[in-house]
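# Structure assessment
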Amino acid sequence: MTGPRNWLTTALRLVAGITIAVPAALLAGASPAAAHPMPHSVVELDVYQASVSVRLELPADDFARASGIDLSDTTQATLSEKAEAIRTYLGKHIHPATTQGKAWQVGIGSLSLSSTEQTSTGPYRELVAEAVLTPPAGGDVRHFTFDYDVVVHQVITHTALVTMRQDWAAGQVDGAGTTQVGTIRVDTRTMTVPALKVDLGDGSAWRGFLAMVKLGGDHILTGTDHLLFLLILLLPAPLAATGRRWVGLVDGRSAFGRIGRITLAFTAGHSVALAVTALGRLDIPGWPVEAFIAASILFGAIHAIRPLFPGKEALVAGVFGLGHGMAFSFVLAEMHLSTGQLVTSLLGFNLGIELVQLLLVCLALPALLVLARLRVQPTLRLAGALLTGTAAVGWLADRLGLPNPVARAADSAGSHTTPMLAALTLTALAATAWTLTTRQHARSRPAEPAAATCPE
């Protein structure tokens, strides 16, 4: 009886050994890439009034495996040699259509190679392609069928993540994030790639307008250079100039008038330039405008130390405001809006700028008036002007092609909007309380008795 048992025991051990050895051998022979998630494709949509722009981010190795176009030794400089083959392949695997089945036009644009990294994948090379999808007459850019199987048709484990980056009519305009539309992958039951049904909902001009108001407010709030220019011009507004020195104070009504005129002139200047540049779709180089803005801040800082244009601050604010308005227009130009959307966006964007600008001036006003009456006013004014001037010099050098840590530090200040608003609010409250307390003490102080006279 021992023979059969020994035979059975040996057979069971053999089966167990095979059960353990086979998976171990498979794991040992697997490539290192199989030990972590593989990168997926990203399809980013920018929805316009009459077309949809697409940015494709494709892992280069998976793209080469699916298309047969080897990119292993290809660089950005030699990519043009394979551009025609790449565009032909992409054109065969991107087929948007209306919900009734009418095909859209597909145009493949620029191509580039870069290095990137996704969560848990490690660094890898990717092919970036730009495309424009245009529906037939009467087609709806917000509801369509996206028949797409780039890479996925061959690499069955691959996934394409479709997101929406810009959609003006839905109120998504700031480019700060994306909204997921859907995913494209192989259906393992049918081994086909189902088309994605894109449904972006109903957009409206009102949502686009409100989004632009918010974008304008955010832009002026985080635009450190624009704020510094306005505030540095307002800093000496309550002071009187004699020769080339700030000496004494002007009365309250004159100070309010100066501050109002400076603010209105700056508003008029950048509003006019913004409207002309945006509506005219003028293609203006960015660096001269940005350098002009840095120079305007430097002039303002010097003026706060020694009067350069006393009594003409409003005129200077209006002239320099033209440059700031051109810079504002770059935001609208990047959005490639239709004429109707551009007009609405211009109104909303400018309204957002003016509302936040008015808020900041109102918060700064009490402190400016109180500061002018303190003994430490010259010291604080000089410190503020030197700090602003240093930032302006850093920006000017950076925008002329000389990057520096001063410019980077000044730019980063725009990311701390909450502490800045809190500081301005607390300062405004403290200055208002100080002013009210001072006036109350002045009213409650008993009048001095008249001097006695000797009778004749």
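Residues numbered from 1 in each chain as written. Predicted model: local features only at pLDDT ≥ 70, side-chain atom pairs only at ≥ 80, totals over all residues. Heavy atoms only, no water.

## Focus on the overall build of the protein
How we decide: The secondary structure listing takes helices from DSSP runs of H or I that are at least 4 residues long and strands from runs of E that are at least 2 residues long, numbered from the N terminus. Partly exposed residues are those whose accessible area sits between 20% and 50% of the maximum for their type, while under 20% is buried and over 50% is exposed, using a 1.4 Å probe and protein chains only. When checking whether two residues touch, look at their non-hydrogen atoms; a contact exists if any pair is within 4.5 Å. The accessible surface values rely on the Shrake-Rupley method and a 1.4 Å probe; as for residues, cover is taken only from the protein chains in view.
In terms of regular secondary structure, the protein is built from 12 helices and 11 strands. Burial analysis of the protein (456 residues in total) assigns 42% to the buried set. Pairs at least 24 apart in sequence give 73% of the contacts found in the protein among residues at least 6 apart. Entry remark: accessible area of the protein is about 24700 Å², with carbon and sulfur atoms responsible for 63%.

## Examining the environment of Thr134
Its place among the elements puts Thr134 in strand E5 (residues 122–134). Owing to a relative accessible area of 28%, Thr134 belongs among the partly exposed residues under this scheme. For the pair formed by Thr134 and Gln105, sequence separation is 29 residues and the distance between their alpha carbons is 5.1 Å. If near-sequence neighbours (up to four positions away) are discounted, Thr134 is found in contact with Ala50, Ser51, Trp104 and Gln105.

## A look at the packing of helix H5 (residues 224–234) against helix H10 (residues 377–399)
We count it as follows: Each axis is a line fitted through C-alpha atoms, and for a helix only the stretch in contact is used; angles between axes span 0 to 180 degrees, taken between their N-to-C directions. Oblique is the label for any angle not covered by the other classes, which are roughly parallel (under 35 degrees), roughly antiparallel (over 145) and roughly perpendicular (65 to 115). Crossing handedness: left-handed means the near helix sits turned counterclockwise from the far one by under a right angle, and right-handed means the same turn made clockwise. Ten residues, namely Ala, Val, Leu, Ile, Met, Phe, Trp, Tyr, Cys and Pro, are considered nonpolar, four, namely Asp, Glu, Lys and Arg, are considered charged, and the remaining ones, Gly among them, are considered polar.
In the contact formed by H5 and H10, the axes pass within 11 Å of each other and the chain directions differ by 140 degrees. Taken together, the axes of H5 and H10 are oblique relative to one another. The way H5 lies across H10 gives a crossing that is left-handed. Contact with H5, carried on its side by Thr224, Asp225, Leu228 and Ile232, involves Gly384, Ala385, Thr388, Ala391, Trp395 and Arg399 of H10 and no other residues of that element. In terms of residue class, the contact of H5 with H10 is built from five nonpolar, three polar and two charged.

## Things to note about the sheet that holds strand E6 (residues 143–148)
As a reminder of what qualifies: The pairing criterion for strands is at least two bridges between them, as found by DSSP.
Pairing is antiparallel across the open sheet formed by three strands, whose spatial order is E3-E6-E9. Lying at the two open borders of the sheet, with one neighbouring strand each, are strand E3 (94–97) and strand E9 (196–199). Neighbour-to-neighbour, the strand axes of the sheet open up by a mean angle of 25 degrees, direction not taken into account. By the bridge criterion, four bridges tie E6 to E9 in an arrangement that is antiparallel. From the neighbouring strand, Phe146 faces E9, where its bridge partner is Leu196.

## Focus: the nonpolar core
To be explicit about the condition: Here, nonpolar core means buried Ala, Val, Leu, Ile, Met, Phe, Trp, Tyr and Cys residues that are tied together by side-chain atoms lying within 4.5 Å of each other.
Among the nonpolar cores identified, the biggest contains 40 residues, and Phe63, Leu90, Phe146 and Tyr148 are the most heavily contacted of them. With residues up to four places along the chain from it excluded, the contact list for Leu90 reads Leu56, Leu58, Phe63, Ile108, Ala129 and Val150. In terms of nonpolar packing, the next biggest core, distinct from the first, is built from 38 residues, Ala240, Ile259, Ile297 and Leu371 among them.

## Quick notes on the pattern of salt bridges
So the rule is basically this: Throughout this description, the term salt bridge denotes a Lys or Arg side-chain nitrogen within 4 Å of a carboxyl oxygen of Asp or Glu.
Under the defined criterion, the tally for this structure stands at 10 salt bridges. Its salt-bridge partner being Arg55, residue Glu57 comes within 2.9 Å of it at the nearest N-O pair. For Arg399, the salt bridge is made with Glu290, and the minimal N-O distance between the two is 3.6 Å. With Arg399 in helix H10 and Glu290 in helix H7 (residues 286–305), the pair connects residues that are 109 residues apart, well separated along the chain. What emerges from the salt-bridge pattern is a single network uniting Glu44, Asp46 and Arg165.

## Quick notes on a nonpolar patch on the surface
Put simply, the rule is: A patch consists of residues exposed above 30% relative accessible area that lack any salt bridge, with like charges linked at up to 9 Å and nonpolar side chains (Val, Leu, Ile, Met, Phe, Trp, Tyr) linked at up to 5 Å.
A cluster of nonpolar residues, Val272, Val276, Leu282 and Leu322, forms a patch on the protein surface that exposes about 330 Å² of accessible area. Within the secondary structure layout, Val276 lies in helix H6 (residues 252–279).

## Quick notes on the sheet that holds E5
Read across the open sheet, the six strands follow the order E4-E5-E2-E1-E7-E8; overall the sheet is mixed. Sheet topology places strand E4 (105–118) and strand E8 (179–184) at the edges, where each strand pairs with a single neighbour. On average, each strand axis in the sheet is inclined to that of its neighbour by 20 degrees, with strand direction left out of account. Relative to strand E2 (residues 52–59), strand E1 (residues 41–47) is paired through six bridges, and the arrangement is antiparallel. For Val43, the partnering residue across the bridge sits in E2 and is Leu56. On the sheet, helix H3 (residues 83–92) packs against E2, E4 and E5 and is oriented at approximately 110 degrees with respect to E4.

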